[in-house]
Amino acid sequence: MRRLSAALFLALASALAATPEPATPPIVQQWVEAQKHMGDIVVDFKLTRTLPTLKEPITANGRFWKLADGQFRWEMGTPPSTVLLFDNQDLHVWEAEKNTWQTLSPSDGRMRMWMQFLNSKEMNAEAMTKTFLPTVTGEKPDVVTIALQPKGLLVKRHLKQVDLQIDPRTKYLRQIRLIQSDDSTVIMTFGSPQPMAAADRSKLQVLTTTKSSS
């Protein structure tokens, strides 16, 4: 009986090990590749946050600047209440309430997932599918919806799902929705990327000087 049980266990383990990972949806690969060739851009966005404890959602407008070399500046609020800068080495976070800068590692658990979406150099379809299981959940002429379900137990403690809405014609990201473990949600709805103006480019050219200008 023990030999039979051991044989069944080994057969099951072998079958599971041989099961291939689901293929990455082509639209995800196309979107990731398109981000690497957009150049220096600026994008307006609207952030909407819902909490089970609040009757009304919290909303704020923001702007995102991204350089082709991977540097970016992310601002939320007018005037900004939060600023996030990445200089291709460290993340620098400023919050109006504290009025101080904090430096984080890009691999910090709080920011690692966002780096996959904000930094074009970090975007990699293979790396993304190691963290998430992607599934196409909706297809329309103007938008394809991809559900990303976390694989790791540590991520699952904090995050249930990430939904991406991608324009299949332009490969622009139209929306990111995060569904957290407490059923709160964060939605970022993006406008169309625009070429970065010279004034904006100089604003991001040396990130150490932009921190003092915020």
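Residues numbered from 1 in each chain as written. Predicted model: local features only at pLDDT ≥ 70, side-chain atom pairs only at ≥ 80, totals over all residues. Heavy atoms only, no water.

A. View of the overall build of the chain. If you tally the helices and strands in the chain, you get seven helices and 12 strands. Expressed as a percentage of the 214 residues in the chain, the buried residues total 40%. Just so you have it, the chain exposes about 12,600 Å², and 55% of that area is on carbon and sulfur atoms. (Helix = DSSP H or I, 4+ residues; strand = E, 2+ residues; numbered from the N terminus. Buried < 20%, exposed > 50% of the residue type's maximum accessible area, 1.4 Å probe, protein only. Areas by Shrake-Rupley, 256 points an atom, 1.4 Å probe, with all protein chains shown as cover.)

B. Highlighting the pattern of salt bridges. Within the structure shown, the criterion is met by seven salt bridges. The salt bridge involving K160 is made with D183; its shortest N-O contact spans 2.6 Å. Placement of the pair is K160 in strand β9 (residues 159-166) and D183 in the loop between β10 (173-180) and β11 (185-190), with a sequence separation of 23 residues. K160 sits in the partly exposed class, given a relative accessible area of 41%. By relative accessible area, D183 is classed as partly exposed at 47%. Two residues, R169 and D167, come together in a salt bridge whose shortest N-O distance is 3.5 Å. (Salt bridge = Lys/Arg side-chain N within 4 Å of Asp/Glu carboxyl O.)

C. Examining the confidence of the model for the chain more closely. Scored by pLDDT, the chain has a mean of 80; 76% of the residues are at 70 or more. With pLDDT under 50 throughout, residues 4-19 is counted as low confidence; its partners more than four residues away or in other chains account for zero contacts. Every residue in residues 206-214 is under pLDDT 50, and counting partners more than four places away or in other chains gives 14 contacts. (pLDDT = per-residue confidence, 0-100. Contact = heavy atoms within 4.5 Å.)

D. Just the environment of I27, in detail. By the secondary structure assignment, I27 is in helix α2 (residues 26-35). Sequence-wise, I27 and I146 are 119 residues apart; in three dimensions their C-alpha atoms are separated by 8.8 Å. Excluding anything up to four places from it in sequence, I27 contacts V144, I146, I166, P168 and K171.

E. A look at the environment of I179. Checked against the element boundaries, I179 lands in strand β10. Remark: the alpha-carbon pair of I179 and D163, spanning 16 residues in sequence, is separated by 8.3 Å.

F. Spotlight on unusual backbone geometry. Between T78 and the following residue, P79, the backbone shows a cis peptide bond with an omega angle of -5 degrees. Locating P79 in the fold gives a position in the loop between β3 (72-76) and β4 (82-86). Although it is not a glycine, N88 adopts a positive phi angle of roughly 75 degrees. We classify N88 as partly exposed; its relative accessible area is 36%. The backbone phi angle of N99 is positive, close to 55 degrees, even though this residue is not glycine. Note that N99 resides in the loop between β5 (91-95) and β6 (100-104).

G. Structural detail: the pairing of β4. Within β4, five of the five residues are buried, which leaves the element mostly enclosed by the surrounding structure. In β4, alternate side chains face the same way, and those of T82, L84 and F86 on one face and V83 and L85 on the other are all buried. Where β3 and β4 come together, five bridges link them in antiparallel fashion. The residue of β4 that forms the bridge with E75 is V83. The turn joining β3 and β4, which pair antiparallel and follow one another in sequence, is formed by five residues; a positive phi near 95 degrees is taken by G77. Here β4 pairs with β5 via five bridges, running antiparallel. From the neighbouring strand, V83 faces β5, where its bridge partner is W94. Where β4 folds back onto β5 in an antiparallel hairpin, the turn is made up of four residues, including N88, whose phi is positive at roughly 75 degrees. (Pairing = 2+ DSSP bridges.)

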